[in-house]
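Working through the structure, step by step
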Amino acid sequence: MLDRVGVKSLDDLYSDVPKDVIFKGEYDLPAAMSEQEVRDFFESLDSKDEKLKVFVGQGAYDHYTPSVVPYITSRSEFLTAYTPYQAEISQGTLRYIFEYQSMICALTGLDISNASMYDGPTAAAEAVKMAPTCTKRKSRVLVSSSLLPNVIKTIQTYSYYHGTELTLIPCKDGQTCLDSVKAELARNDVAGLIAPSVNRYGIVEDLTGFAEAVHGEGGIFIEYCDPSALAVLKTPAEWGADIAVGDGQSLGIPMSFGGPYVGFMACRNEYVRKLPGRIVGETTDTEGRRCFCLTLQAREQHIRREKATSNICSNESLMALFVTVYMSLMGPKGLKEVNDRSYAAAHYLHDELLKTGKFAEVFDKPFLKEFVLKPLMPVERLHIKLHDGGFFAALETEEGYVSFCATERRTKAEIDALVALVKEA
Amino acid sequence: MKYYDKLIFELSKEGRVGYSLGKNEWTSTTDEIPAGLRRSEAVGLPQVSEVDVVRHYTNLSQMNFGVDTGFYPLGSCTMKYNPKINEEIAGMKGFLGLHPLQPASTVQGALEVYYNMDKALSAITGMASFTFDPCAGAHGELTGLMIMRQYHILNGDLKRTKVIVPDSAHGTNPASAAVCGLEVVVVKSKADGLVDVNDLKPLLGDDIAGIMMTNPNTLGLFEKDIEEIAALIHGCGGLLYYDGANMNPLIGVARPGDMGFDILHLNLHKSFSTPHGGGGPGSGPVGVCGKLVPYLPVPKVVKDEYGQFKVRGRAGVGKSDVRKNADGCEKSAGEVSGFLGNFGVILRAYAYILTLGRENVKLVGKYATLGANYIKESLKEYYKLPIPTVCKHEFVYDGLVNDGSRKAADGTTEREGATTLDVAKRLLDFGFHAPTIYFPLLFHQAIMIEPTETESIETMDAFIDVMKEIALEAAEDPAILKSAPHNAPITRPDETTAARQPILKYQDEE
């Protein structure tokens, strides 16, 4: 091979690299491991992690993953493919993205979904960035303080650098304050509002009046939602939202210490050309057969460069497949059942915890699978007790509450065991 | 590969399910939630059995081409083999079951992965420390630019709002700059494909935040003036950003940190062997030089004086706003994603690095570069080679030498020649993925080829033979190429209609 290239050694291939930037030392890395050593090494790392029964949500939910899902996503034809730029040999990827888009539309009630975003918080940040471009004359975006902390933080980071002015809307009785929204709208410079359907306290927000108020002042309404919960809750379309964003993790993706997850973004027809990221469309091939391809690419970075709607390129395609297979298996009935069981477990937990007398109710509002309580004892003592019993629960929030979550995976016996520990704490 | 026409929705039968949750020990349901908060009708998802799902997606998979299917010489995408032990590690049940907000003391193994990867990537690139929060390459670029801006802002250097980007750069570079609120200034390439230092000099000033460079650049050429460029940028107070999309040829050979780069991102799904997944999940860790470490995003994994791993600056954990705590995050560029990035991808890359070890890491770049030069030299009589010098991991042809076009005596076109698109589509017929085409934009018929170090000489020879055969076909009769592919699951899609009359979701035709 060297002969054909016309060089004498591998080092000659780097004759154009200045001598003083060639690395001459030893790399400070471990010695090469055999496959068995790699496996043993990771097993020993894994043994340093504690496997706890998870009673916390806050953006990552311990829902059950049917075995079919990882079985399908580990197929190498999906796993080891690149972005489907060559449609003729990527119909597998393109079809599942089209199905994914269709399912996101079914959940949200909106017209169009893109092919996925990195995660919920970045999807929210991108949606906030869209608001001024969707409304032209406006510059300020209202952000509900009832959103999850990491969603607010990510929105703040993106907006700080991009130059979108934000105003945090306070909570009233644990949910986004409509009067505060109206007061801000009166200043006539608001491009949009982002608020959650299920918020950081687990409360299912009553979003009546928000879309009307924002639309009345020429802004757009962005709803942050838990897609699993949308199987039972009022859809973004029904609330009058223009854009819906959120994290698909709740659709059976393992918690996996925070990633990979999948962000989603859906919108009304009129904003399709403002959407970031890839979109798959249906068409026909030269023989008239139905097929699929990437479309509306004039929005994207590889065509528009600095004028693109976003810089996003790779997204979370395989995780979009993950949630598509999950939703196919569960269907409308299964997703409803997951929500019903999570709801029942969480409410049982909530009531039993209050009975211990060690917590006080904070909000008397409808919730689904997550809630906060006010602890009437030192949180440290509670945490030690729960941890020693093998639980991760009662996450302390910024406000000094403790947050609990129960999914369909949590049994009555587990809850009873947790409550017994609380009584002792 | 065979054509399969179904969508999962079309397999739906009322009442069919593909799951089992076991006995229900509860009686209450979400029907107790006030009706005004609930959706009015059941969600329109398919109703299918488990076997329906398995067969459907298996059929879909068979219309796909992956690295495991065959050679994937996609330029700038580094489609190297994805080792299978990495999948096993990422799929370990213990790791999958960790909640991202678990107390640090309960996830010491996971945090050690981050800490050790920080050390390993720093060793390979010559940087001081990394964040793993970005979920993809473009996300890493954006994060790196945020760090650049935050550095200038906190220095009170508010005028620095322009970033220099070469005309050969990936589209994500200018797009990331725009998302970060920076103005893009383009620096031209010379005829030999390298950044024109003379064009760069007049752009420099006290309004320059920095430069984004890909080195080797998108033509596969090492920017040999890099030290002069670094001195010029630093001289005007700017920072150097390294786009790690093309890091592969430098792995084990040279380190961006030693060239004067201040910030870089890596694509773990390119250089570090994690699978592309049909367009993600990737991972775009960002490394910085010593003076920029305080500006790295939060949360960040650190090790304390007792050897315990901690997470600095987690949002929403604990009573007070951790960002404002005096725990070393005051200068941080902020939160760029939900938690600590794509842990599952980071695990795979770590397994890859451990398998390579300090011995084999030195072979990665050299073998990748050898393969690219071997193909480049083998086909230059058939495909125009605009830049004939030694390339790094990839190179660019500018279309066919003889595209088969023919002109009539009166100068009108008698026969259309074969284009780069036609060559790419014809390659699919021979069981190869197409190279990257029509990029970089400097050439009209660009064919960008990157073989990677994991391909054997036999695979590359087979590719070379096919490329020759296609060139001969084009000269003989371009129509064979123009109607390609002939044996893929579909022929060419009508992209124009797809964009003019978009159908973007399934609609039941009842």
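About the cut-offs
Per-chain numbering applies: the sequence of each chain, read as written, is numbered from 1 onward. By the order in which they are written, chains take letters starting at A while ligands take numbers starting at 1. Thresholds applied to this predicted model are a pLDDT of at least 70 for local features of residues and 80 or more for the giving and counting of side-chain atom pairs; totals over whole chains, interfaces and linings are not thresholded and use all residues. Helix and strand labels come from DSSP, where a helix needs a run of H or I of at least four residues and a strand needs a run of E of at least two; each type is numbered from the N terminus. Any residue whose C-beta has 12 or fewer other C-beta atoms within 10 Å is treated as exposed, any with 20 or more as buried, and any in between as partly exposed, C-beta atoms being built from the backbone. For every residue pair, C-beta atoms are placed from the backbone, and the pair is scored as a contact if these atoms sit within 7 Å. For this measure, only C-alpha atoms enter the radius of gyration; the expected value for a globule follows 2.2 Å times N^0.38, where N is the number of residues. To count as a nonpolar core, a set of buried Ala, Val, Leu, Ile, Met, Phe, Trp, Tyr and Cys residues must be joined through C-beta atoms within 7 Å. The quantity called pLDDT is the predictor's confidence in a given residue, expressed from 0 to 100. Residue type decides the class: Asp, Glu, Lys and Arg count as charged, Ala, Val, Leu, Ile, Met, Phe, Trp, Tyr, Cys and Pro as nonpolar, and the leftover types, Gly among them, as polar. A pair of strands is labelled paired if DSSP reports no fewer than 2 bridges between them. Those domain boundaries reflect an automatic or database domain assignment. Each axis is a line fitted through C-alpha atoms, and for a helix only the stretch in contact is used; angles between axes span 0 to 180 degrees, taken between their N-to-C directions. Angles are sorted into four bins: roughly parallel if under 35 degrees, roughly antiparallel if over 145, roughly perpendicular if 65 to 115, and oblique for all others. We call a crossing left-handed when the near helix sits turned anticlockwise from the far one by less than a right angle, and right-handed when that turn is clockwise. Multiplying 1.5 Å by the residue count of a helix minus one yields the expected span of that helix. Bend angle per residue: angle between axes fitted to the 7 residues ending at that residue and the 7 residues starting there. Arc, as used here, means the arc of the directions from the helix axis to the C-beta atoms.

**Observations regarding the overall build of chain A**
Each helix and strand in chain A was counted, giving 14 helices and 17 strands. Across its three principal directions, the C-alpha atoms of chain A cover 80 × 55 × 50 Å. Split into buried and exposed, the 425 residues of chain A put 62% on the buried side. Long-range pairs, those at least 24 residues apart, make up 73% of the contacts in chain A with a sequence separation of at least 6.

**A closer look at the overall build of chain B**
Assigned secondary structure in chain B consists of 13 helices and 14 strands. For 510 residues, the compact-globule estimate of 2.2 N^0.38 gives 24 Å, and chain B sits close to it at 26 Å. Overall, the C-alpha framework of chain B stretches about 85 × 70 × 45 Å when taken along its three principal axes. Classification of the 510 residues of chain B by burial places 56% in the buried group.

**Side note on the nonpolar core**
In this structure, Ile194, Ile222 and Ile243 of chain A together with Ile147, Tyr241, Ile263 and Ile346 of chain B are the most contacted members of the largest nonpolar core, which totals 298 residues. With 20 residues, the top contributor of residues to this core is helix H12 (residues 317-355) of chain A. Those residues in contact with Ile243 of chain A, other than ones at most four positions away along the chain, are Ala127, Met130, Ile220, Ile222, Met265, Cys267 and Tyr271 of chain A.

**What to know about the confidence of the model for chain B**
All names here are of chain B. For chain B, per-residue confidence averages 95 on the pLDDT scale, and residues scoring 70 or more make up 97% of the total. Below pLDDT 50 for its whole length, residues 319-326 participates in 11 contacts with residues either more than four positions away or in separate chains. For this predicted complex, the interface confidence comes out at an ipTM of 0.97, alongside a pTM of 0.97.

**A closer look at the interface of chain B and chain A**
Taken together, the contact pairs 168 residues of chain B with 162 residues of chain A. Top element by residues in the side of chain B that touches chain A is helix H9 (residues 343-378) of chain B. It accounts for 20 residues. For the side of chain B that touches chain A, the residue count by class is 89 nonpolar, 53 polar and 26 charged.

**Concerning the pairing of strand S11 (residues 280-284) of chain A**
Residues and elements named next belong to chain A. For S11, a buried count of four out of five residues is recorded, marking the element as mostly surrounded by other parts of the structure. Inspection of the sheet shows S11 paired to strand S12 (residues 290-294) by five bridges, in the antiparallel sense. Bridged to Glu282 within S12 is Phe292.

**Details of the domain arrangement of chain B**
All names here are of chain B. The assigned domain composition of chain B is domain 1 (8-61), domain 2 (88-349) and domain 3 (361-498). Distance between the C-alpha centres of domain 2 and domain 3: 33 Å. Between domain 2 and domain 3, the contact holds 19 residues from the first and 19 residues from the second. Its residues assigned to classes, the side of domain 2 that touches domain 3 shows nine nonpolar, eight polar and two charged.

**Things to note about the sheet that holds strand S8 (residues 220-225) of chain A**
Each strand in a sheet pairs with another by means of backbone hydrogen bonds, the pair being arranged parallel or else antiparallel. Residues and elements named next belong to chain A. With mixed pairing, the seven strands of this open sheet are ordered in space as S2-S10-S9-S8-S7-S3-S4. The two strands at the open ends of the sheet, each matched to only one other strand, are strand S2 (112-113) and strand S4 (165-169). Relative to S4, strand S3 (residues 140-144) is paired through five bridges, and the arrangement is parallel. Paired with Arg140 across the bridge in S4 is Glu165.

**Things to note about unusual backbone geometry**
Here Val298 of chain B and Pro299 of chain B are connected by a cis peptide whose omega angle stands at -5°. Locating Pro299 of chain B in the fold gives a position in the loop between strand S7 (286-288) and strand S8 (300-303). The omega torsion of the bond from Ala484 of chain B to Pro485 of chain B falls at 0°, within 30 degrees of zero and hence cis. Unlike most non-glycine residues, Ser256 of chain A shows phi in positive territory, near 40°. Although it is not a glycine, Ser76 of chain B sits at a positive phi angle of roughly 70°. Take Ser76 of chain B: it is sitting in the loop between helix H1 (50-61) and helix H2 (84-90).

**A closer look at the packing of helix H2 (residues 35-46) of chain A against H9 of chain B**
Each pair of packed helices gets described by two things: the angle between the helix axes and the distance between those axes. Two numbers describe how H2 of chain A lies on H9 of chain B: the axes approach to 10 Å, and their chain directions differ by 135°. One way to sum up the angle between H2 of chain A and H9 of chain B is to call them oblique. The two elements H2 of chain A and H9 of chain B meet at a crossing, and its hand is right-handed. Between H2 of chain A and H9 of chain B, the residues in contact are Val38, Phe41 and Phe42 of chain A and Ala351, Leu354 and Thr355 of chain B, respectively. Of the residues contributing to the contact of H2 of chain A with H9 of chain B, the split by class is five nonpolar, one polar and no charged.

**Describing the domain arrangement of chain A**
It is common to give the size of an interface as the accessible area lost on bringing the parts into contact. Residue and element names in this part refer to chain A. Domain boundaries in chain A define domain 1 (53-64 + 331-424) and domain 2 (68-325). If you look at the interface, domain 1 gives 21 residues, while domain 2 gives 22 residues. Those elements that provide at least two residues to the side of domain 1 that touches domain 2 are H12 and strand S14 (370-375). In terms of residue count, H12 provides more of the side of domain 1 that touches domain 2 than any other element does, five residues in total. Counted by class, the side of domain 1 that touches domain 2 contains 12 nonpolar, four polar and five charged residues.

**Examining H9 of chain B**
Residue and element names in this part refer to chain B. Here H9 contains 36 residues, and its C-alpha end-to-end distance of 41 Å is more than 12% below the 52 Å for a straight helix at 1.5 Å per residue. If you look at H9, its biggest bend is around 95°, right at Gly357. Of all 36 residues that make up H9, 26 are buried, and the element is covered over most of its length.

**A look at the environment of Leu335 of chain A**
Relative to the helices and strands, Leu335 of chain A resides in helix H12. Sequence spacing of Leu335 of chain A and Leu230 of chain A is 105 residues, and the spatial spacing of their C-alpha atoms is 9.1 Å. With sequence-adjacent residues up to four places away left out, Leu335 of chain A is seen in contact with Ser228, Ala231 and Met330 of chain A together with Val43 and Leu45 of chain B.

**Here we look at the sheet that holds strand S3 (residues 183-187) of chain B**
Residues and elements named next belong to chain B. Ordered in space as S1-S7-S6-S5-S4-S2-S3, the seven strands form an open sheet in which the pairing is mixed. Lying at the two open borders of the sheet, with one neighbouring strand each, are strand S1 (129-131) and S3. Neighbour-to-neighbour, the strand axes of this sheet turn through a mean angle of 25°, independent of strand direction. Here helix H5 (residues 137-154) sits on the sheet and contacts S1, strand S2 (162-166), strand S4 (208-213), strand S5 (239-244), strand S6 (263-266) and S7; the angle it forms with S6, its principal contact strand, is near 165°.

**Let's talk about the environment of Met327 of chain A**
With respect to the helices and strands, Met327 of chain A occurs in helix H12. Overall, the presence of 30 C-beta atoms within 10 Å leaves Met327 of chain A in the buried class. The spacing of Met327 of chain A and Met103 of chain A is 224 residues in sequence and 7.9 Å in space, taken between C-alpha atoms. When residues no more than four places from it in sequence are discounted, the contact partners of Met327 of chain A are Met103 and Leu251 of chain A together with Leu45 of chain B.

**Regarding the pairing of S12 of chain A**
A large share of S12 of chain A lies buried, amounting to four of its five residues. Counted between consecutive antiparallel strands, the loop separating S11 of chain A from S12 of chain A contains five residues, among which Gly288 of chain A sits at a positive phi close to 80°.

**Here's the deal with helix H13 (residues 379-388) of chain A**
Residues and elements named next belong to chain A. Listing the buried residues of H13 in full gives Leu382, His383 and Leu386. Buried positions in H13, seen along its axis, are confined to an arc of 100° and lie on one side of it. For H13, the exposed residues set more than 90 degrees away from the buried face come down to Glu380, Arg381, Ile384 and Asp388. In this fold, the buried residues of H13 make contact with S14, strand S15 (391-393) and helix H14 (412-424). In the stretch just after H13, Gly390 is the one whose phi turns positive, near 90°.

**Remarks on the packing of H12 of chain A against H14 of chain A**
Residues and elements named next belong to chain A. The N-to-C vectors of H12 and H14 enclose an angle of 20°; their axes lie 10 Å apart at closest approach. Regarding the angle of H12 to H14, the classification is roughly parallel. You can see that H12 and H14 cross each other, and the crossing is right-handed. For the pair formed by H12 and H14, the contact residues are Ala345, Tyr348, Leu349, Glu352 and Leu353 on the first element and Lys412, Ile415, Val419 and Val422 on the second.

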